[in-house]
Amino acid sequence: MLRCIQLAKNGLPEAMPNPSVGALLVHNGQIISEGFTSAYGGPHAEVNAIKNLSNTSLLLEATLYVTLEPCSHFGKTPPCADLIIASGIKKVVIGGTDPNPKVAGNGIKKLIEAGCDVIVGVLAEACEAVNKRFYTFHTQKRPFITLKWAETKDHFIAPLSKNRGIAKEPFWITNRFSRQHAHKMRAMEQAILVGTQTVLQDNPSLTTRDWHGTSPIRVILDRTLKIPKDAAIYDSNAPTLIITEQKREAVQNITFETIVFSETLAKQICAIAYKHNIQSILIEGGAKMLQTFIDENLWDEAFVFTGATQFKTGISAPLLSEELVSETILKDDLLTYYKNQTN
């Protein structure tokens, strides 16, 4: 199952919004075939493992190991449980059950009713961790929330600015290694969220440029639609979702959703993301936006990049009370990782 977990990681993030699953076939104690979930819309892990087996006569005596319960419903592909049964596999070892209501034990039930010997719950917690976004989306009805910000050694997230309109370029607190790591994080999530002031001050494109991968959906909080139309977030490089008080019709790759800004912002943003089938959001700022999610306790992980710079004055970094989980040195920057222990 540990090997299945390694395989499952290979499918991320391309498999989303599907879970990324690892599967392998064992015969007489030897792994004879492996597979993981293809990019969204493609074959699932079990299909790839069975397809990759050259000697299909071994299926009758093989054991299938899989990190997640095989699906039992028709989606973009046929049910994996049906293929397993049709292939003649008699023993299946499963990491965890599928939280998706369309499956939720039905795949296991179908296998057992067909006469398969099914074992469930092997390294279940580790299997679930691979698909933490998928599990959070289906069990908590909201996206998996990752907070990320850069701060100076004296705990400021940005300098004080009197600028109005769109900035020509951002002010970098961290080094290029930290920025590359941040782009890697963008490539792992379905969406990225910032507020109006972050766009006005930095004019970010919010795309994945310094790492291989698809750019996330840009989610922008813009209460009065004050962001100019020549801002980088309005280009065609990624789909953009604007959350505002103003009603607007969708245009090209830009979609608008309205909320009540006087009420719980984080909760409403999560509800809109859930409506749009967004399983994960990376929140990059600014300080007020980040603190809102912290105060409403709607976050799962936090990554804080601390640069060698000092401002002495500026916009204070968010306040996070969780205990430190780990630290990573990125040349002269420090990356600290926190996990919400209450979710």
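Owing to the predicted nature of the structure, the values given are computational and were not obtained by experimental measurement. Per chain, residues are indexed from 1 in the order of the written sequence. Confidence filtering applies because this is a predicted model: local features only for residues at pLDDT of at least 70, side-chain atom pairs given and counted only at 80 or more, and all residues used for totals across whole chains, interfaces and linings. Excluding hydrogens and water, the side-chain figures rest on all heavy atoms present in the structure.

Let's talk about helix H10 (residues 287-295)
Turning to step 1, where the next piece is worked out: Of all nine residues in H10, seven are buried; the element is thus mostly enclosed.
Turning to step 2, where the next piece is worked out: Taken as a whole, H10 has its buried residues at Ala287, Met289, Leu290, Gln291, Thr292, Phe293 and Ile294.
Turning to step 3, where the next piece is worked out: Secondary structure counts use DSSP, requiring at least four H or I residues in a row for a helix and at least two E residues in a row for a strand, with both numbered from the N terminus. Immediately downstream of H10, the backbone of Asn297 shows phi near 55°, a positive value. Whether a residue is buried, partly exposed or exposed follows from its accessible area with a 1.4 Å probe, protein chains only, as a fraction of its type maximum: under 20%, in between, or over 50%, in that order.

Here's the deal with the UniProt feature "binding site: NADP(+)" (unreviewed entry) in the chain
Turning to step 1, where the next piece is worked out: UniProt positions are given in the numbering used here, feature names are shortened, and annotations may be inferred rather than shown by experiment. Residues annotated by UniProt as "binding site: NADP(+)" (unreviewed entry) correspond here to Ala150, Trp172, Thr198 and Asp202. In three dimensions, the annotated residues from a span of 53 residues occupy one location, with a maximal C-alpha spread of 13.4 Å.
Turning to step 2, where the next piece is worked out: When you line up the elements, Ala150 lands in strand E6 (residues 144-151).
Turning to step 3, where the next piece is worked out: In this structure Ala150 comes out as buried when scored by relative accessible area, which is 18%.
Turning to step 4, where the next piece is worked out: As for its placement among the helices and strands, Thr198 is situated in helix H8 (residues 196-202).
Turning to step 5, where the next piece is worked out: By definition, residues are in contact when any of their heavy atoms lie within 4.5 Å. Excluding residues within four positions of it along the chain, Thr198 makes contact with Asn203, Pro204, Gly285 and Gly286.

Notes on the packing of aromatic side chains
Turning to step 1, where the next piece is worked out: Within 6.5 Å between ring centres, the rings of Phe, Tyr and Trp (the latter by its six-membered ring) count as paired, and their orientation is classed by plane angle as stacked under 30 degrees, edge-to-face over 60, tilted in between. This structure, assessed with the given rule, holds three aromatic pairs.
Turning to step 2, where the next piece is worked out: For the pair Phe134 and Tyr135, a centre-to-centre distance of 6.3 Å together with 85° between the ring planes defines the contact as edge-to-face.
Turning to step 3, where the next piece is worked out: The class of Tyr135 is buried, set by a relative accessible area of 9%.
Turning to step 4, where the next piece is worked out: Judged by centre distance (4.7 Å) and plane angle (35°), the rings of Phe137 and Tyr274 are tilted.

Overview of the nonpolar core
Turning to step 1, where the next piece is worked out: Each nonpolar core is a collection of buried residues, namely Ala, Val, Leu, Ile, Met, Phe, Trp, Tyr and Cys, held together in the definition by side-chain atoms within 4.5 Å. One finds Leu147, Ile283 and Phe293 to be the most contacted residues of the largest nonpolar core, which totals 33 residues.
Turning to step 2, where the next piece is worked out: Looking at which element gives the most residues to this core, the answer is helix H9 (residues 265-275), with six residues.
Turning to step 3, where the next piece is worked out: For Leu147, the residues in contact, after removing those within four places along its chain, are Ile283, Leu290, Phe293, Ile294, Trp299, Glu301, Ala302 and Phe303.
Turning to step 4, where the next piece is worked out: Listed in part, the 24 residues of the second largest apolar core include Ile173, Phe256, Phe303 and Leu335.

Quick notes on the environment of Ser280
Turning to step 1, where the next piece is worked out: Inspection of the secondary structure puts Ser280 in strand E12 (residues 280-285).
Turning to step 2, where the next piece is worked out: Put simply, Ser280 and Ile157 are 123 residues apart on the chain and 23 Å apart in space, counted from C-alpha to C-alpha.
Turning to step 3, where the next piece is worked out: Not counting chain neighbours up to four residues away, the residues in contact with Ser280 comprise Met16, Arg133, Pro143, Phe144, Met188, Glu189, Gln190 and Ala191.
Turning to step 4, where the next piece is worked out: Each polar contact in these results corresponds to two N or O atoms within 3.5 Å; when the atoms are within protein, one needs to be able to donate a hydrogen and the other to accept it, and residues that are neighboring in sequence are counted only if both atoms are side-chain atoms. One polar contact links the side chain of Ser280 to the main-chain amide nitrogen of Gln190, over a distance of 2.9 Å.

Remarks on the sheet that holds strand E16 (residues 333-339)
Turning to step 1, where the next piece is worked out: We call two strands paired when DSSP finds no fewer than two bridges between them. The mixed open sheet is built from nine strands, whose spatial order is E11-E10-E9-E8-E12-E6-E13-E16-E15. Single-partner strands in this sheet number two, and they are strand E11 (254-258) and strand E15 (324-330). Taken over all neighbouring pairs, the strand axes of this sheet differ in orientation by 20° on average, direction set aside. Axes here mean lines fitted to C-alpha atoms, for a helix over just the part in contact, with angles spanning 0 to 180 degrees between N-to-C directions.

Some remarks on the sheet that holds strand E1 (residues 22-27)
Two modes of strand pairing occur in sheets, parallel and antiparallel, and in both the strands are linked by backbone hydrogen bonds.
Turning to step 1, where the next piece is worked out: Across the sheet, which stays open at both edges, the five strands sit in the order E2-E1-E3-E4-E5 with mixed pairing between neighbours. Strands with a single pairing partner mark the edges of an open sheet, and in this sheet they are strand E2 (30-36) and strand E5 (117-120). Here the strands of the sheet are splayed against their neighbours by 15° on average, with no regard to which way each runs.
Turning to step 2, where the next piece is worked out: Sheet topology places strand E3 (residues 63-68) next to strand E4 (residues 91-96); five bridges connect them, and they run parallel. If you follow Tyr65 over to E4, its bridge partner there is Val93.
Turning to step 3, where the next piece is worked out: Against the sheet, helix H1 (residues 2-9) makes contact with E1, E2 and E3, and its axis sits at roughly 145° relative to E1, the strand it touches most.

A look at the pattern of salt bridges
Turning to step 1, where the next piece is worked out: By definition here, a salt bridge exists when the distance from a side-chain nitrogen of Lys or Arg to a carboxyl oxygen of Asp or Glu is within 4 Å. Counted by the stated rule, this structure contains ten salt bridges.
Turning to step 2, where the next piece is worked out: When the shortest N-O distance is used, the salt bridge between Arg186 and Glu284 registers 3.0 Å. Highlighted residues: Arg186 in helix H7 (residues 176-188) and Glu284 in strand E12, separated in sequence by 98 residues. Glu284 shares its class with Arg186; the two are buried.
Turning to step 3, where the next piece is worked out: When salt bridges with common partners are traced through the structure, they connect Lys148, Arg186 and Glu284 into a single cluster.

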